[in-house]
Amino acid sequence: MPHGDDPHSDHTGEDFFAGAGLLDGLNDKARALRVVALDALICEGVSVDELKSATADGRLPMLILEHALEPPGTLTLADLAEKAAVDEALLRSWFRALGRGVPGDDAPVYNTDDVMVAQQLADYLALGFEFEQLHALARVWGRNLASFIDGLAELVADGLSRAEGDTDVILRYALEVRRFAEVEAQVLGHILGTTLAQRIRSEAVSTANKQNMRIGGTQDVAFCFADLVGFTKLGGQLPAEVLGGVADELSALATELVDPPVRVFKTIGDAVMLMSPDVDAIVAVAVRLVDQAQTRGLPPLRASVTFGKAVPRSGDWYGHPINLASRALSVATAGQVAVTKEVVERLNADGFTIEPLGAFAFKGVDTDTEMFAVWVRSGDAVVPR
């Protein structure tokens, strides 16, 4: 590899490492892999003596991991606050909520990427967002990101355990860690960006409808949101592959039960979303879905159904009834289908039994929303859900 003016360039390369006794006993791929690892560490400022010690003790892969996962910082929190022109106390609190961590001695542990994070807080505040809201959002982000990281860490740990002491395999994992982390960050950023854009579009449609603004393509549609009760708790009790299988079973069940004019338009982890212009049809499917989940041994299912104006765009839907469907789900108990007044007004009373649940305040909704439990009549009897 070319090193140009790199001051470490005379301490890298296969010939140098061989002369230093760092490649003893290695051939072909193992030798080439070791050269790449040593080159990377030399370029990060690790001394030849430290490399010799780590190689002799079998610590080279861990040395790679340490440097890949904890790149040296050059900035303190005060530096970040100054560069981003944001209050240091607010930044400290925000970083802690995000899970970024703040050293007690204000050591220089941050890098230029952290400047971008600090600048984002400054930008949020400049837009007029309240810090209390930002702080609460950061806590949610921090908690969920920690769960995501735990899953990734378990994945890497499993791979390392299967290496069974094979230094070459462990070294290969170590070398890939930084690239792996960077790619995952890009994937996470893409998913976050697209999901956030979808939610903003949906909120914009809701606002436009409330203000009687006309939007092209608006349709009256019913939406059903159904999820597995207690799925998050199960996440701490079951292996990831088992948990994924449960979510897959729910998706398969929904696909099996749905017929036109109802269709599955999205699956999100432990939840499915259905849509239909036919209120009777979608409520009937929701009730069957809840019932069949129990019959097939899945965790209890709950569902909500809403109705209103929404806009289809690029294979997705946006609007108030979609936002409300996910929020109204909190009203439904395990095995229950909860629907809004707009749904009840359009249901065929001969086919369903309806029971008031009360009026509820939901975030983003100006007035309390009347909710009802619905189940299907069976002959002269009714079957509660």
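Residues numbered from 1 in each chain as written. Predicted model: local features only at pLDDT ≥ 70, side-chain atom pairs only at ≥ 80, totals over all residues. Heavy atoms only, no water.

For the protein chain, an unreviewed UniProt entry supplies the name Putative adenylate cyclase and the organism Hoyosella subflava.

Visitor: Help me get a handle on the nonpolar core, residues and values and all.
Guide: Ranked by internal contacts, the top residues of the largest apolar core, which has 35 residues, are Val-283 and Val-305. Counting residues per element, the ones that place at least two in this core are β1 (219-228), α11 (240-257), β3 (271-276), α12 (279-295), β4 (301-313), β6 (337-340), α14 (341-344) and β8 (369-378). For this core, the element with the most residues is α12, which contributes 10 residues. What Val-305 contacts, discounting residues up to four positions off in sequence, is Phe-223, Cys-224, Ile-282, Val-283, Ala-286, Val-337, Ala-338, Val-339, Thr-340 and Val-343. (Core = buried A, V, L, I, M, F, W, Y, C linked by side-chain atoms within 4.5 Å. Buried < 20%, exposed > 50% of the residue type's maximum accessible area, 1.4 Å probe, protein only. Helix = DSSP H or I, 4+ residues; strand = E, 2+ residues; numbered from the N terminus. Contact = heavy atoms within 4.5 Å.)

Visitor: So what's going on with the environment of Leu-98? Which residues, and what values?
Guide: With respect to the helices and strands, Leu-98 occurs in helix α6 (residues 88-98). Overall, Leu-98 belongs to the buried group, its relative accessible area being 16%. In this structure, the C-alpha to C-alpha distance between Leu-98 and Arg-143, residues 45 residues apart in sequence, is 7.9 Å. In this structure Leu-98 touches Val-117, Ala-138, Trp-141 and Gly-142, once residues within four positions along its chain are discounted.

Visitor: I'd like a description of the pairing of β1, backed by residues and values.
Guide: β1 sits mainly inside the fold: eight of its 10 residues count as buried. When β1 meets β3, the two strands line up antiparallel, connected through six bridges. What sits directly across from Ala-226, in β3, is Val-272. (Pairing = 2+ DSSP bridges.)

Visitor: Explain the packing of aromatic side chains to me, and be specific about the residues and the numbers.
Guide: Note on aromatic pairs: each is described by the distance of the centres and the angle between the planes. Evaluated as defined, the whole model comprises six aromatic pairs. A ring pair is formed by Phe-95 and Tyr-110, whose centres lie 5.5 Å apart and whose planes are at 75°; its orientation type is edge-to-face. Taken as a pair, Phe-95 in helix α6 and Tyr-110 in the loop between α6 and α7 (112-126) lie far apart in primary sequence, 15 residues in all. Given the relative accessible area of 0%, Phe-95 is considered buried. Of the residues examined, Tyr-110 reaches a relative accessible area of 1% and is grouped as buried. Centroid distance Tyr-124 to Phe-129: 5.9 Å. Interplanar angle 70°. Geometry classified as edge-to-face. Owing to a relative accessible area of 27%, Tyr-124 belongs among the partly exposed residues under this scheme. Members of the aromatic cluster, each reached through a chain of ring pairs, are Trp-94, Tyr-124 and Phe-129. (Phe/Tyr/Trp six-rings, centres within 6.5 Å; stacked < 30°, edge-to-face > 60°.)

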